[in-house]
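# Results of the structural survey
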Amino acid sequence: MSQILTIADLKDLARRRVPKMFFDYADSGAWTESTYRANEEDFGKIKFRQRVLVDMSNRSLESTMIGEKVAMPVALAPTGLTGMQHADGEMLAAQAAEEFGVPFTLSTMSICSIEDVASVTTKPFWFQLYVLRDKDFVLNLIDRAKAAKCSALVLTLDLQILGQRHKDVRNGLSAPPKMTLANIANIAMRPRWLMGIAGTKRRTFRNIVGHAKGVGDVSSLGSWTNEQFDPHLSWKDVAWIKERWGGKLILKGILDKEDALMAAKTGADAIIVSNHGGRQLDGASSSIMALEEIADAVGDTIEVHMDGGIRSGQDVLKALCLGAKGTYIGRPFLYGLGALGKEGVTKALEIIRKEMDITLALCGKRLVTDMGKDQLRR
Ligand SMILES: Cc1cc2nc3c(=O)[nH]c(=O)nc-3n(C[C@H](O)[C@H](O)[C@H](O)COP(=O)(O)O)c2cc1C
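Along each chain, numbering runs from 1 in the same order as the chain's sequence is written. Thresholds applied to this predicted model are a pLDDT of at least 70 for local features of residues and 80 or more for the giving and counting of side-chain atom pairs; totals over whole chains, interfaces and linings are not thresholded and use all residues. Just so you know, side-chain values use all the structure's heavy atoms and leave hydrogens and water out.

The next point concerns a nonpolar patch on the surface. Patch construction takes residues with relative accessible area above 30% that form no salt bridge. Like charges are linked within 9 Å, and nonpolar side chains (Val, Leu, Ile, Met, Phe, Trp, Tyr) are linked within 5 Å. The method behind every accessible area is Shrake-Rupley, applied with a 1.4 Å probe, and residues are considered shielded solely by the protein chains displayed. Here, a salt bridge means any side-chain nitrogen of Lys or Arg that lies within 4 Å of a carboxyl oxygen of Asp or Glu. Residues M179, L181 and I184 make up a contiguous nonpolar surface patch of about 350 Å² in total accessible area. Within the secondary structure, M179 sits in the loop between α7 (166–171) and α8 (181–188). Strands are runs of DSSP state E lasting at least two residues, helices are runs of H or I lasting at least four, and both sets are numbered from the N terminus onward.

See below:
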């Protein structure tokens with residue numbers, strides 16, 4: 001553990017411990033993966049201003065996201081199939097986030113259900129909603145998130161149709177895994193993962209199976225999911241979802257200024273500048289390059305968050321400088337989870353915290369909330 005110093009170290013360990021099908025599911029983007037790569041690479045083009053001889057004592061990374069106090073403005077992003085990176089993955093990640101003091105967002109396409117996560121946490125978590133064709137199911141999901149006392153609904157807007165990730169097709173991705181010869185051989189070399197999965201009852205999409213009409217078991221799930229993403233979704237739908245939910249609402253998947261201005265008009269509490277981690281429109285801009293224009297356009301009318309490509313505390317600070325009030329990490333916490341379970345998620349957060357703290361000091365700032373465009377060299 002003492003040799004794990006970076007998110008890349010956690011990724012290397014996860015690659016060795018998680019079956020290829022699920023590691024690849026996390027470590028992939030749509031088509032040529034150009035946007036997936038740009039999300040990470042474009043952070044490298046942004047430079048800080050180094051300052052000296054300023055008082056660096058009493059530093060703080062504390063901030064707020066949608067009015068909730070956070071130990072640092074880094075939430076865990078909603079990720080599907082997290083319970084296949086490690087047994088009971090969503091429950092473990094939610095606990096790690098709670099102990100650390102940052103928000104955890106549960107995906108609609110999770111393995112552990114809303115109720116599973118609520119049963120092992122004491123503070124409210126956030127729930128991410130996909131609007132599917134089966135509106136009764138969607139209404140029921142919203143009500144279940146309310147009953148579990150989730151404190152924000154994250155509505156994902158950029159997946160009305162599924163982008164294609166070639167690795168998933170080639171690997172025959174499914175939960176539980178398809179028992180092809182290649183997959184059996186690969187899983188056999190990951191006994192730690194296998195023992196975990198064998199020891200839990202949570203191995204399928206538990207928000208869906210047993211809740212959606214006509215989905216009683218895993219065999220009916222595949223066809224149901226493929227048919228369910230709704231290409232008709234429009235801005236009008238945001239209104240009824242907001243009404244039914246009645247709490248804090250975050251709109252995820254905005255990458256364009258015009259859409260950001262529309263989003264601000266809905267009365268939602270925040271937007272997430274995001275391209276779904278490069279998993280949807282290959283060839284779209286990286287999130288960090290889209291951020292500044294969007295933040296400038298919406299001004300104070302709506303809180304701006306961002307995700308995509310954050311692999312260090314420095315990346316978080318760059319996003320804050322360019323106008324984000326909060327950020328999210330997807331793969332960094334998944335790699336931690338796959339590598340070391342709950343401890344690995346904590347490790348990912350600790351790595352990012354340390355990098356943020358030292359960078360903040362060397363930029364001559366004591367409060368993370370003071371980071372702005374002035375701290376960047378341009
Ligand atoms: C394996 C994986 C599964 C994901 N599943 C979802 C999901 O179910 N819902 C959603 O809104 N976004 C999903 N996303 C996108 C993330 O919420 C987030 O936008 C993205 O991971 C951020 O990029 P990063 O992984 O580079 O931090 C997923 C991302 C990954 C890597």
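That covers the picture; the talk isn't over yet.
A few words now on the side chain of D282. Inspection of the secondary structure puts D282 in the loop between β9 (270–273) and α13 (287–298). Among the polar contacts listed, one links the side chain of D282 to the backbone nitrogen of T35, at a separation of 3.3 Å. Not counting residues within four places of it along the chain, the set of residues in contact with D282 comprises A30, W31, T32, E33, S34 and T35. Nitrogen and oxygen atoms within 3.5 Å of one another constitute a polar contact, given that in protein one can donate a hydrogen and the other can accept it, and given that sequence-neighbouring residues count only through two side-chain atoms. Contact definition: two residues touch when any of their heavy atoms are within 4.5 Å.

All of the buried residues in helix α11 (residues 235–245) are D237, V238, I241 and W245. For α11, the angular spread of buried residues about the axis comes to 105 degrees, placing them on one side. Facing away from the buried side of α11 by more than 90 degrees, the exposed set consists of K236 and E243. Buried residues in α11 make contact with β6 (126–129), α6 (135–147), β7 (152–156) and β8 (248–254). Residue G246 follows α11 closely and has a positive phi angle near 75 degrees. Residue exposure (1.4 Å probe, protein chains only): buried if accessible area is under 20% of the type maximum, exposed if over 50%, otherwise partly exposed. Think of the arc as the fan of directions from the helix axis to the C-beta atoms.

So, about the state of the cysteines. By disulfide we mean two sulfur atoms from cysteines, separated by a distance within 2.5 Å. According to the stated counting rule, one finds zero disulfides in the structure shown. The thiol of C112 is not disulfide-bonded; the next cysteine sulfur, from C150, is found 14 Å away. Since its relative accessible area comes to 0%, C112 is described here as buried. By relative accessible area, which is 9% here, C150 ends up buried.

A few words on the sheet that holds β6. When DSSP finds two or more bridges between a pair of strands, those strands are recorded as paired. Strands sit in the order β4-β11-β10-β9-β8-β7-β6-β5 across an open sheet of eight strands; the sheet is parallel. Here the strands that pair on one side only, and so sit at the sheet edges, are β4 (74–76) and β5 (105–106). Bridging between β9 and strand β10 (residues 303–307) involves four bridges; their strand directions are parallel. What sits directly across from V273, in β10, is M306.

So, to be careful, I would describe these as geometric facts and stop short of saying anything about function.
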